[in-house]
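Here's the letter readout for the chains.
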Amino acid sequence: MKKKEFVTQDLLSKIYQQHSDGARKLPPERQLAQEYGVSRFTIRQALEKLASIGVVRIVQGSGIWINEQTRSNPLVYNSITEKRFDQMRYRMISLHKKRPDREDQQIFGLTENDFIWLFCRLRFVDDVATQIEVSRMPAAMFTDLNQQVIERSLQQYVLEKGYPISHLLTSYRAVSVSREQATLLGCKKGAPAMHINNRGILDGGRVYEISDIIDINYTCTYVIPHNRDNLSFRQQAPE
């Protein structure tokens, strides 16, 4: 594990281990650098990541403050959600309408006479291509979908249309990059990648988007409470 990642996860662990009713601060950069035996630049990188996911606030002249509200909730962040929007950009590869197949009809609650948008876009993080995303959305709900929309945040677009987002259902599996995907991502065919399937769900349960993502630089970190009931259930022998 890289030094920056170790410091980030160790600080995160300590933040979640300790609790206080009052406001709390982390030690200053210089002290943390001495404790971990790393440069202040490495400490700064770790703190910037913690700030980007909302765990701490770095206040110039005041210190590094822990966000206790974030600490009291489960935390999930990955190599995309830890990035600010100004560190990412998109390039549309294709966009067209098509009739929904049987799976689309089931997911979106459509008939065979309806239409869906099918589009592909490339996501760049710090100007490096990292993801290919192929998505489907109901055309009747998003009549003005276009290249400009696709090359920015889709969730923001959905919210601007007046649709309240409730949940994201996500699944993962390891895959290898195909020849066509390697050409877009600038990597070798057969390189390891993560296939991520996302289903965006609105208040009331309606699905507004299905996306299949190939990511060649995917990492994910969870901080969640221990689920004793689930552990007990899994330990039960079948009757």
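Report follows, based on the coordinates. (Residues numbered from 1 in each chain as written. Predicted model: local features only at pLDDT ≥ 70, side-chain atom pairs only at ≥ 80, totals over all residues. Heavy atoms only, no water.)

What follows covers the environment of F115. With respect to the element layout, F115 can be found in the loop between α5 (102-108) and β6 (116-125). Between the C-alpha atom of F115 and that of L75, which follows or precedes it by 40 residues, the distance is 37 Å. The contacts of F115, once residues within four sequence positions are left out, are K97, K98, R99, P100, L110, P138 and A139. (Helix = DSSP H or I, 4+ residues; strand = E, 2+ residues; numbered from the N terminus. Contact = heavy atoms within 4.5 Å.)

Note that side chains of opposite charge can pair when their charged atoms are close. The full count for this structure, using the stated rule, is 13 salt bridges. When the shortest N-O distance is used, the salt bridge between R44 and E29 registers 2.9 Å. Note that R44 is positioned in helix α3 (residues 40-52) and E29 in helix α2 (residues 29-36), a separation of 15 residues in sequence. Judged by its relative accessible area of 19%, E29 falls in the buried class. With a closest N to O distance of 3.2 Å, E133 and R121 form a salt bridge. Of the two residues, E133 is situated in strand β7 (residues 128-138) and R121 in strand β6; the sequence distance between them amounts to 12 residues. Pair check on accessibility: E133 and R121 agree, each one buried. (Salt bridge = Lys/Arg side-chain N within 4 Å of Asp/Glu carboxyl O. Buried < 20%, exposed > 50% of the residue type's maximum accessible area, 1.4 Å probe, protein only.)

A separate point is α3. Compared with the 18 Å implied by 1.5 Å per residue over 13 residues, the 18 Å span of α3 between its first and last C-alpha is a close match. Among the residues making up α3, those that are buried are T42, I43, A46, L47, K49 and L50. The buried residues of α3 occupy one face: seen down the axis, they fall within an arc of 155 degrees. Check the buried side of α3 and you find it contacts α1 (3-17), β1 (25-26), α2, β2 (56-59), β3 (63-66) and β4 (75-78). Immediately downstream of α3, the backbone of G54 shows phi near 85 degrees, a positive value. (Expected span 1.5 Å × (residues − 1). Arc of directions from axis to C-beta.)

A word on the packing of aromatic side chains. One pair of aromatic rings is described through two measures. These are the centre distance and the angle between the planes. Per the stated rule, a full pass over the model turns up 4 aromatic pairs. Between F142 and Y163 the ring centres are 5.4 Å apart and the planes differ by 65 degrees, which places this aromatic pair in the edge-to-face class. Linking F142 in the loop between β7 and α6 (147-150) with Y163 in the loop between α7 (154-160) and β8 (165-176), this pair joins segments that are 21 residues apart in sequence. Residues Y172 and Y218 carry aromatic rings whose centres are separated by 5.5 Å and whose planes lie at 35 degrees to one another, so their mutual orientation is tilted. With Y172 in strand β8 and Y218 in the loop between β10 (207-215) and β11 (220-223), this pair connects stretches of sequence that are 46 residues apart. Here the aromatic residues F142, Y157 and Y163 are joined through ring pairs into a cluster of three or more. For the cation-ring pair, R121 lies above Y90, with the distance from its terminal atom to the ring centre recorded as 3.8 Å. (Phe/Tyr/Trp six-rings, centres within 6.5 Å; stacked < 30°, edge-to-face > 60°. Lys NZ or Arg CZ within 6 Å of the ring centre and 35° of its normal.)

What follows concerns the side chain of R136. Checked against the element boundaries, R136 lands in strand β7. At 3.4 Å, the side chain of R136 forms a polar contact with the side chain of E103. A polar contact is formed between the side chain of R136 and the side chain of D104, at a distance of 2.4 Å. Ignoring any residue separated from it by four or fewer positions in sequence, one finds R136 in contact with E103, D104, F108, I116, W117, L118, Y208, E209, I210 and D212. (Polar contact = N/O pair within 3.5 Å; in protein donor to acceptor, adjacent residues only side chain to side chain.)

So, about the pairing of strand β9 (residues 192-202). Summarising the sheet, β8 and β9 pair through 11 bridges and their orientation is antiparallel. Bridge pairing links L169 to R199 in β9. Examined bridge by bridge, β9 and β10 share 8 bridges and lie antiparallel to one another. Following the sheet pairing, N197 is matched in β10 by D212. Hairpin connection between β9 and β10: a loop of 4 residues separates the two successive antiparallel strands, and G204 in this loop has a positive phi of roughly 100 degrees. (Pairing = 2+ DSSP bridges.)

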